[in-house]
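Secondary and tertiary structure notes
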Amino acid sequence: MSQVEKKVGLLRRSSSSKKPLKEKVVLMYDEIFYRYWYMNHAVNGPLPLQVNLEYLESKLESVDGEEVQRIQDNINSLFHHCVQALGEEHQIKVVNALQTLCALFRGVHQKNKSSSGFDIINMLMGFDKAELRMKDLMESLDSLLCGDGSESLKSLCLKLLLCLVTVTDNISQNTILEYVMINSIFEAILQILSDVSSRGQHGYDAVVLLALLVNYRKYESVNPYIVKLSIVDDEPTLDGMGMVVHHALTEYSRQYKAKEEENQGGFFSTLTTMVGNMFIADADEKLSVQTNEAILLALYEAVHLNRNFITVLAQSHPEIDMGVTSISPSPTTPTTPLGTSPPSLDAMNNQEQLTLDPNLQTSNLLITFLKYASIVMQDTKEEHRLNSARLCLIILTCIAEDQYADSFLHDDNMNFRVNLHKMPMRHRKKGVDKNIPCRPLVCAVLDLMVEFIVTHMMKEFPMDLYMRCVQIIHKLICYQKKCRIRLHYTWRELWSALINLLKFLLSNETTLLAKHNIFHLALLVVNLFNMFITYGDTFLPTSNSYDELYYEVVRMHQVFDNLYCMVLRVSTNTGQWKEPASKVTHSLVNVRAIINHFNPKIESYAAVNHISQLSEEQVRSISLNVRRNVSLSTMSQDLLLKEFSTIS
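Residues numbered from 1 in each chain as written. Predicted model: local features only at pLDDT ≥ 70, side-chain atom pairs only at ≥ 80, totals over all residues. Heavy atoms only, no water.

1. Thoughts on the overall build of the chain
When you go through the chain residue by residue, the secondary structure sums to 35 helices and four strands. Counting over 648 residues, the chain shows a buried share of 51%. Residue pairs at least 24 apart in sequence account for 76% of intrachain contacts in the chain once pairs closer than 6 positions are excluded. A total accessible area of about 30,800 Å² is found for the chain, and carbon and sulfur atoms account for 50% of it. (Helix = DSSP H or I, 4+ residues; strand = E, 2+ residues; numbered from the N terminus. Buried < 20%, exposed > 50% of the residue type's maximum accessible area, 1.4 Å probe, protein only. Contact = heavy atoms within 4.5 Å. Areas by Shrake-Rupley, 256 points an atom, 1.4 Å probe, with all protein chains shown as cover.)

2. Let's talk about the side chain of Asp 379
Mapping Asp 379 onto the fold places it in the loop between helix H22 (365-376) and helix H23 (383-401). For Asp 379, a relative accessible area of 9% gives the class buried. There is a polar contact of 3.2 Å between the side chain of Asp 379 and the backbone nitrogen of Lys 381. (Polar contact = N/O pair within 3.5 Å; in protein donor to acceptor, adjacent residues only side chain to side chain.)

3. Considering the environment of Lys 154
Turning to its location among the elements, Lys 154 is positioned in helix H10 (residues 151-165). Each C-alpha atom, one on Lys 154 and one on Ser 198, is 9.3 Å from the other, the two residues being 44 residues apart in sequence. Not counting residues up to four positions away in its chain, the partners in contact with Lys 154 are Leu 144, Leu 145, Gly 147, Gly 149 and His 202.

4. Some remarks on the pattern of salt bridges
Taken as a whole, this structure holds 16 salt bridges when the rule is applied. Across the pair Glu 178 and Arg 217 runs a salt bridge whose closest N-O atoms are separated by 2.8 Å. Here Glu 178, found in helix H11 (residues 177-182), pairs with Arg 217, found in the loop between helix H13 (196-214) and helix H14 (224-230); they are 39 residues apart in sequence, far enough to count as distant. Assessed through its relative accessible area of 29%, Glu 178 is described here as partly exposed. When salt bridges that share partners are traced, they join Asp 379, Glu 382 and Arg 385 into one network. (Salt bridge = Lys/Arg side-chain N within 4 Å of Asp/Glu carboxyl O.)

5. Digging into the environment of Ala 405
Note that Ala 405 resides in helix H24 (residues 403-409). A relative accessible area of 0% means that Ala 405 is categorised as buried. Measuring from C-alpha to C-alpha, the distance between Ala 405 and Thr 311 comes to 7.8 Å, with 94 residues separating the pair along the chain. Discounting chain neighbours no more than four positions away, the residues touching Ala 405 are Ile 310 and Ile 399.

6. Remarks on the confidence of the model for the chain
On average, residues of the chain carry a pLDDT of 79, and 72% of them reach 70 or more. Summarising per-element confidence for the chain, the mean pLDDT is lowest in helix H17 (residues 280-286) (43) and highest in helix H26 (residues 463-483) (96). Considering only residues more than four positions removed or in separate chains, one finds that residues 1-15, a stretch of pLDDT under 50, has 26 contacts. (pLDDT = per-residue confidence, 0-100.)

7. Notes on H23
Under the 1.5 Å per step criterion, the end-to-end length of H23 is 27 Å for 19 residues, consistent within 8% with the ideal 27 Å. Regarding H23, the residues found buried are Arg 385, Ser 388, Ala 389, Leu 391, Cys 392, Leu 393, Ile 395, Leu 396, Thr 397, Cys 398, Ile 399 and Ala 400. (Expected span 1.5 Å × (residues − 1).)

8. Concerning the environment of Met 467
Position of Met 467 among the secondary structure elements: in helix H26. Judged by relative accessible area, which is 11%, Met 467 ranks as buried. Distance from Met 467 to Ile 518, taken between C-alpha atoms, is 9.9 Å for residues 51 residues apart in sequence. The contact partners of Met 467, leaving out residues within four places of it in the chain, are His 520, Leu 521 and Leu 524.

9. Details of unusual backbone geometry
One non-glycine residue, Arg 217, lies in positive phi territory at about 45°. In this structure, Arg 484 takes a positive phi of about 55° despite not being glycine. The residue Arg 484 is located in the loop between H26 and helix H27 (491-507) in this model.

10. Details of the side chain of His 202
Along the chain, His 202 turns up in helix H13. With a relative accessible area of 2%, His 202 lands in the buried category. Discounting chain neighbours no more than four positions away, the residues touching His 202 are Glu 151, Lys 154, Ser 155, Leu 158 and Ile 192.

11. Looking at the packing of helix H6 (residues 72-85) against helix H8 (residues 117-125)
Running from N to C, H6 and H8 cross one another at 70°; their axes reach a closest spacing of 5 Å. In terms of orientation, H6 lies roughly perpendicular with respect to H8. Across from Gln 72, Ile 75, Asn 76 and Phe 79 in H6, the residues of H8 making contact are Asn 122, Met 123, Leu 124 and Met 125. (Axes fitted to C-alpha atoms, helices over the stretch in contact; angles between N-to-C directions. Parallel < 35°, antiparallel > 145°, perpendicular 65-115°, else oblique.)

12. Details of the packing of aromatic side chains
The tally for this structure, following the rule as stated, stands at 16 aromatic pairs. Between the aromatic rings of Tyr 546 and Tyr 550, the centroid separation amounts to 5.8 Å while the plane-to-plane angle is 75°, which identifies the pairing as edge-to-face. With Tyr 546 and Tyr 550 both in helix H30 (residues 543-555) and four residues apart, the pair spans about one turn of that helix. In this structure, Tyr 546 and Tyr 550 share a single accessibility class: buried. Counting every residue linked through ring pairs, the aromatic cluster contains Tyr 489, Trp 491, Trp 495, Phe 532 and Phe 539. The cationic tip of Lys 481 hangs over the ring face of Tyr 535; the distance from NZ or CZ to the ring centre is 4.9 Å. (Phe/Tyr/Trp six-rings, centres within 6.5 Å; stacked < 30°, edge-to-face > 60°. Lys NZ or Arg CZ within 6 Å of the ring centre and 35° of its normal.)

13. Considering H10
Under the 1.5 Å per step criterion, the end-to-end length of H10 is 21 Å for 15 residues, consistent within 8% with the ideal 21 Å. Along H10, the residues that are buried comprise Leu 153, Lys 154, Cys 157, Leu 158, Leu 160, Leu 161, Leu 162, Cys 163, Leu 164 and Val 165. Those residues of H10 that are buried are in contact with helix H7 (91-111), helix H9 (130-146), H11, helix H12 (186-194) and H13.

14. A closer look at the packing of helix H15 (residues 235-262) against H22
When two helices pack together, their arrangement is given by the angle between the helix axes and the distance between those axes. Look at H15 against H22: their axes get within 9 Å of each other, and the N-to-C directions meet at 40°. Taken together, the axis directions place H15 and H22 in an arrangement best described as oblique. Helix-helix and strand crossings are classified by hand; for H15 and H22 the assignment is left-handed. Each of Gly 242, Val 245, His 246, Leu 249, Thr 250, Tyr 252, Ser 253 and Tyr 256 in H15 lies in contact with H22, whose residues at this interface are Leu 365, Thr 368, Phe 369, Tyr 372, Ile 375 and Val 376. Taken together, the residues of the contact of H15 with H22 break down into nine nonpolar, five polar and no charged. (Left-handed = near helix turned anticlockwise from the far one by under 90°. Nonpolar A, V, L, I, M, F, W, Y, C, P; charged D, E, K, R; others polar.)

Rendered as structure tokens:
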């Protein structure tokens, strides 16, 4: 007896002289893999569609290439009967048909990974009849999703569609999806998202399915799902999509917080404290929660494609305290990664059931996303976490580029307390700051960017993430300059982080230049300082902010001096970095003018008063007296205008 038969096909043991009995459906599967089954059964009406998925997939996996060709007609017929059974009145037959179709899609693709999409289509349903079969299948699935059938049946339909979409590693190589493009189920997905009850049951699967379909050959051909998603303006549908994303991200944060609390206290925590957090990296690994790229992808597509969705980001609702609110997690199998399971129905409908408390802190989707991003952006050592952090920054870039999003980010009437998670470091304690004041949301975005800049200066330098991070800051400051918004923010923390970043680039010049163009990043950072120096009077809150800026530049003048020497050296030699280095040289005009103007004044003051080291107050006093005399280079201003014209 084969191992497969021992595992799933045996009903009872008998004497050694008798063959073991098998389920009827297992016998049918065995006959399907016999060459002449199609000739004997094709005209005998519908099959008895019971299901044994494990056995069917095992049989498909066990056949070799020549056998696959011999039984192709049998598989085509089984596929056809399954599609026909979707129109049956008895739900058990429909359920069995859906499960069998799922096994066929998975099994045939797994067996024929190296085959072309056309060969797989031919194997499943016959190429000459594929268009008709897929049309019937998609129409049946659409009717089941939009009908009044059971919720479990609708869930199976979505699982089948997700199975169909994800059978290949690269979705754009899944040729069967051409038929899903022709026979759209977009309206069925929107109907699920717009209805509160359906959204609670199936919203997660519907949103993930939509995100995947949108990415099918999105840059190669016209994808109807992209076109339709971009013009959706139905408020309940957009709100429903936002609610699904919000609760999925909230569930992730809840799991992270629960895991964090499990690791607090006890012997391990005490030991790490005693030795000065020597094993902090190991502790951080224990707090790792599997990221959810699928829901991030859905959020990106919604923000990127549909401008109406931007309003959903700002819609306020009562914030759920994850530490005290009981949310029953949906059951997951032991193989389900933590953080990727969809939120439960109770969690999805929790917003409608909350009683409004005047003292309750309000939240919105953007705040939830920022908290999520503050967790996943802590650890970028593994590739999937690096990709997740990159996707978070791409989403923030889309938000920073949208005029309406910028308006509510900077709105003084929309103040929130956003508790971002911070990476554990030796010079500070891990934990969320409980004393954060209510501020415009742009402050939280800037805090997140500063936090990333400070905490990721490491050997495996994530250059592209730093580029995106600094560019997000650029876009926000350009908006403040354009609209003359004087944001009350601790700009000094940003300036200090940027200077330390330049210092890191200088200290690791040789190592980083072997992999990255560090001059591009240095140029962005220096141009940020040029923005503050040249246009700070339009968006810095007070003149005291200017004093702090000049103090930081003068205090850390050695970093800028070293940067100038480095880029001057590279730009005067022949090589691939000559041109980018020369751009940094020109961009340093303003900063060097300030340093060259103030340093002699400070040194003279110290010599006259016999002071070896001036205090911050003394330096700022000198700065205040002579700041207006600083002459900025016209050439540097022209460079700035050219640099930021595209961003503004």
